[in-house]
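Residues per chain, in single letters:
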Amino acid sequence: MVSASRRHLTERYASGVDLLLWETEKRLIPDLEAIRLVAEASAEGRAEGLDMGAALVLVQAVRLGLDHLEYDLFQAARTMDMKPEAIAAVLDLPDGASAQGRQRWLETRRRLPYTAADAQTGHQARSSRAG
């Protein structure tokens, strides 16, 4: 469903360089950009129900991707011997137990399958980490 949503929104909303990249390399619009384009189109009365549904699917995919990254950061912090209280302070959580609870919740999210958009197309994501 996520792959189909990414394809649908790219086909509907790609323009300029994004359209050229889609037509020549089947490169998808980044998820956040696709979501933003649907929100703008909706505000202008141009979005269709299928567009909104696809954007909502991508919101969930983006959220899951961020949860995966946050879990990885929690693991890295543990490796660095960062205390739960310090993590709680950074995240504005009440105490170390709250940070540990968040980590447990993220662990369950981390077990859910997730495929980044760039992995589906075989291309590197257009982001600050590419390069």
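Details of the structure are given in the entry above.
Residues numbered from 1 in each chain as written. Predicted model: local features only at pLDDT ≥ 70, side-chain atom pairs only at ≥ 80, totals over all residues. Heavy atoms only, no water.

1. Some points on the nonpolar core
Next up, step 1: The biggest cluster of nonpolar side chains holds 13 residues, and the ones touching the most others in it are Leu9, Tyr13, Ile29, Ala34, Val38 and Leu58.
Next up, step 2: Of all the secondary structure elements, the ones that give two or more residues to this core are helix H1 (2-13), helix H3 (31-43) and helix H4 (49-79).
Next up, step 3: In terms of residue count, the dominant contributor to this core is H3 (five residues).
Next up, step 4: With residues up to four places along the chain from it excluded, the contact list for Tyr13 reads Ile29, Leu37, Val38, Ala41, Arg46, Ala47 and Asp51.
Next up, step 5: Counting residues in hydrophobic clusters, the runner-up holds seven residues, among them Phe74, Ile87, Ala88 and Ala99. (Core = buried A, V, L, I, M, F, W, Y, C linked by side-chain atoms within 4.5 Å. Buried < 20%, exposed > 50% of the residue type's maximum accessible area, 1.4 Å probe, protein only. Helix = DSSP H or I, 4+ residues; strand = E, 2+ residues; numbered from the N terminus. Contact = heavy atoms within 4.5 Å.)

2. Considerations on the pattern of salt bridges
Next up, step 1: Overall, the coordinates contain eleven salt bridges when judged by the stated rule.
Next up, step 2: For Glu48, the salt bridge is made with Arg12, and the minimal N-O distance between the two is 3.8 Å. Highlighted residues: Glu48 in the loop between H3 and H4 and Arg12 in helix H1, separated in sequence by 36 residues.
Next up, step 3: Exposure remark for Glu48: the relative accessible area of 44% places this residue in the partly exposed category.
Next up, step 4: Residue class for Arg12 comes out partly exposed when judged on its relative accessible area of 35%.
Next up, step 5: For the salt bridge of Arg111 with Glu107, the shortest nitrogen-to-oxygen distance reads 3.5 Å.
Next up, step 6: Taking relative accessible area as the criterion, Arg111 reaches 60% and is therefore assigned exposed.
Next up, step 7: Classification of Glu107 by relative accessible area gives partly exposed; the value is 32%. (Salt bridge = Lys/Arg side-chain N within 4 Å of Asp/Glu carboxyl O.)

3. Digging into unusual backbone geometry
Next up, step 1: Backbone geometry places Asp81, a non-glycine residue, at a positive phi of 65°.
Next up, step 2: For Asp81, the location among the structural elements is in the loop between H4 and helix H5 (84-91).
Next up, step 3: The backbone of Asp92 sits at a positive phi, close to 60°, despite the residue not being glycine.
Next up, step 4: If you trace the backbone, Asp92 turns up in the loop between H5 and helix H6 (96-110).

4. Quick notes on the side chain of Arg109
Next up, step 1: Inspection of the secondary structure assignment puts Arg109 in helix H6.
Next up, step 2: Classification of Arg109 by relative accessible area gives buried; the value is 17%.
Next up, step 3: The residues contacting Arg109, other than those within four sequence positions of it, are Arg63, Leu64, Asp67 and His68.

5. What about the environment of Ala41?
Next up, step 1: Relative to the assigned elements, Ala41 resides in helix H3.
Next up, step 2: We classify Ala41 as buried; its relative accessible area is 0%.
Next up, step 3: Measuring from C-alpha to C-alpha, the distance between Ala41 and Met52 comes to 9.7 Å, with eleven residues separating the pair along the chain.
Next up, step 4: If we ignore the near neighbours within four places in the chain, the residues touching Ala41 are Tyr13, Arg46 and Ala47.

6. Focus on the packing of H1 against H4
Next up, step 1: Running from amino to carboxyl end, H1 crosses H4 at an angle of 130°, the nearest separation of the two axes being 9 Å. Regarding the angle of H1 to H4, the classification is oblique. Handedness of the crossing formed by H1 with H4: left-handed. In this structure, H1 uses Val2, Ser5, Arg6, His8, Leu9, Arg12 and Tyr13 to contact H4, whose residues at the interface are Leu50, Asp51, Ala54, Ala55, Val57, Leu58 and Ala61.
Next up, step 2: Residues belonging to the contact of H1 with H4 are distributed by class as follows: nine nonpolar, two polar and three charged. (Axes fitted to C-alpha atoms, helices over the stretch in contact; angles between N-to-C directions. Parallel < 35°, antiparallel > 145°, perpendicular 65-115°, else oblique. Left-handed = near helix turned anticlockwise from the far one by under 90°. Nonpolar A, V, L, I, M, F, W, Y, C, P; charged D, E, K, R; others polar.)

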